[in-house]
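If you want the building blocks of each chain, they are given just below.
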Amino acid sequence: MNMKTKIIYGGLRSLSRELASEEWQDTKYTILLDENTFQYCLPQLISSVEALQEAEFVEVPVGEECKSLEVVAQVWQTLMEGEADRRHVIVNLGGGCVCDLGGFVAAGYKRGIRYINVPTTLLSMVDASIGGKTAVNFGGVKNSIGHFYPSVLTVIDPIFLDTLPQEEMLNGQMEMVKTAAVTDPELFYKMIASADPQLIKVVARMKSRVVKADPYDRSIRKILNFGHTFGHAIEVYRGLPHGLAVGIGMKAAMYLSMKKTGLPEEIYSAYSQWLKEQLLSINSHLLTFNLKEIESMLPLMRQDKKNAAGNVRCVLLQELGAAMIDVEVSDNEIRDAFLHLDVTQSR
Ligand SMILES: NC(=O)c1ccc[n+]([C@@H]2O[C@H](COP(=O)([O-])OP(=O)(O)OC[C@H]3O[C@@H](n4cnc5c(N)ncnc54)[C@H](O)[C@@H]3O)[C@@H](O)[C@H]2O)c1
Ligand SMILES: [Zn+2]
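Residues numbered from 1 in each chain as written. Chains lettered and ligands numbered in written order. Predicted model: local features only at pLDDT ≥ 70, side-chain atom pairs only at ≥ 80, totals over all residues.

> Sorry if this is basic, but what is going on with the overall build of the protein chain here?
Scanning the protein chain for helices and strands turns up 14 helices and 10 strands. Against the globule reference of 20 Å for 347 residues, the protein chain gives a C-alpha radius of gyration of 20 Å, in line with a compact fold. Projecting the C-alpha coordinates of the protein chain onto the three principal axes gives extents of approximately 60 × 40 × 35 Å. Counting contacts in the protein chain only where the partners sit at least 6 residues apart, residues at least 24 apart contribute 73% of the total. (Helix = DSSP H or I, 4+ residues; strand = E, 2+ residues; numbered from the N terminus. Rg over C-alpha atoms; globule rule 2.2 N^0.38 Å. Contact = placed C-beta atoms within 7 Å.)

The following block contains the structure:
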């Protein structure tokens, strides 16, 4: 299987040039989108990319609701009715949800057709549209069914961020800081100093580099799960958006890193200060945890995919850019980290 995605950092103009080339002559396209990307992003896409002006489009439900086998079947049905053959190409115009769904649809249709990711949220530009993981939710478990099946092209154009709500920007920023924390100290400090749009491409490249080194998530790619063991539990327990929950989870993971793997305290403090400023508008009772709540969250952490034999395993940091995977942490250490997780404090 081709595990290579060509990432186009030059935006829609570069995509337009690419699709005008010989290789794409006579290709037919179906654009997958949701209500918001239909309204805010489709006009940009088709006015900039001539090859897509005749494309069909299929609208799917907004958010996680589209990541279901029912929706997959509906899209397959539409492709069959339109007599889409193996040369047909799916264009995912949306956030991580549309990209995950469209990749899954493409992986199964006629044993696999090509697809292009055009990410329209910050999170999907730096994370979900890169790395070939496709998924739907099944049996009440998020991302439980999926493939490694990369897009042929991923096109990054920050123009789409003009209409993205602030809360969604914050979700993406959290994942950007995460990638920076596990790969590059300088990038980490740049990220927490300012939200420079130039950093989108830098972080996307960084994720792509990690994925290339370990496409099937067996070793080094796991560093990208930093903050996610705590984050997933917080996401489920508090109903917070994924990126936000990961941002909070990273503070807990940095606290444990300080205790267990020697992360210098000033890094923990710098991150805590930044996080506090980002979360000012969030109701503070969502952001602290008492002992009773922590006991209810422990089983959620044990369910995490990364654990072996019931022990919780985490990614921890020795330094910025030096992550350790599969570090076992005890229930008491988790309790301690949660109790210190007052994100309204800069310590
Ligand atoms: N495959 C991977 O490697 C990977 C990595 C990280 C996350 N994910 C998945 O990504 C999903 C989350 O992605 P997300 O945060 O992008 O969420 P999302 O796709 O639900 O998008 C967030 C919201 O923004 C709207 N939107 C999208 N683009 C817009 C724009 N330009 N202007 C205005 N509104 C816009 C969407 O309609 C939606 O309401 C999760 O399902 C997660 O599991 C996958
Ligand atoms: Zn994540």
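That was the structure; now back to the text.
> I tried to follow the sheet that holds strand 4 (residues 89–94) on my own but got confused; where do I start?
Hydrogen bonds between backbone groups are what pair the strands of a sheet, and the pairing can be parallel or antiparallel. Sheet architecture is open: six strands sit in the order 1-8-5-4-2-3, paired in parallel fashion. The sheet terminates laterally at strand 1 (6–8) and strand 3 (56–60), the two strands that pair on one side only. The average undirected angle you get between the axes of adjacent strands in this sheet is 20°. (Pairing = 2+ DSSP bridges. Axes fitted to C-alpha atoms, helices over the stretch in contact; angles between N-to-C directions.)

> Would you take a moment to explain the pairing of strand 9 (residues 312–319) for this structure?
Residues in a regular strand project their side chains so that they alternate between the two faces of the sheet. Burial of strand 9 is extensive: six of the eight residues sit out of reach of the surface. Alignment of strand 9 against strand 10 (residues 322–329), held across six bridges, turns out to be antiparallel. Counterpart to Arg-313 in the pairing with strand 10 is Glu-328. Following strand 9, the chain reverses through two residues before pairing antiparallel with strand 10; Gly-321 in that reversal takes a positive phi of roughly 80°. (Buried ≥ 20, exposed ≤ 12 C-beta atoms within 10 Å, placed from the backbone.)

> Honestly, the environment of Val-105 in this entry has me stumped. Any pointers?
Mapped onto the elements of the fold, Val-105 is located in helix 5 (residues 96–108). Distance in space between the C-alpha atoms of Val-105 and Val-136 is 9.7 Å, their sequence separation being 31 residues. For Val-105, the residues in contact, after removing those within four places along its chain, are Val-72, Val-75, Trp-76 and Ile-90.

> I'm lost on the pairing of strand 4 in this one. Help?
Among the six residues in strand 4, six count as buried, and that is most of the element. With burial as the criterion, each face of strand 4 is covered, one bearing Val-89, Val-91 and Leu-93 and the other bearing Ile-90, Asn-92 and Gly-94. As paired strands, strand 2 (residues 29–34) and strand 4 are joined by four bridges and run parallel to one another. When the sheet's bridge partners are listed, Ile-31 is paired in strand 4 with Val-91. Across six bridges, strand 4 lies against strand 5 (residues 114–119) in parallel orientation. Following the sheet pairing, Gly-94 is matched in strand 5 by Pro-119.

> Explain unusual backbone geometry here, please?
The bulk of non-glycine residues show a negative phi, and the bulk of peptide bonds are trans. Even without glycine at this site, Arg-111 takes up a positive phi of about 65°. Inspection of the secondary structure puts Arg-111 in the loop between helix 5 and strand 5. In this structure Arg-111 comes out as exposed when scored by C-beta crowding, with 7 C-beta atoms within 10 Å. Non-glycine residue Asn-143 carries a positive phi angle of around 55°.

> It is not clear to me how the domain arrangement of the protein chain should be interpreted in this structure. Could you clarify?
The domains assigned to the protein chain are domain 1 (6–163) and domain 2 (169–339). With centres defined by C-alpha atoms, the gap from domain 1 to domain 2 works out at 28 Å. Contact residues are listed per partner, giving 14 residues for domain 1 and 18 residues for domain 2. With five residues, helix 6 (residues 122–128) is the single largest residue contributor to the side of domain 1 that touches domain 2. In terms of residue class, the side of domain 1 that touches domain 2 is built from 10 nonpolar, three polar and one charged. (Domains from an automatic or database assignment. Nonpolar A, V, L, I, M, F, W, Y, C, P; charged D, E, K, R; others polar.)

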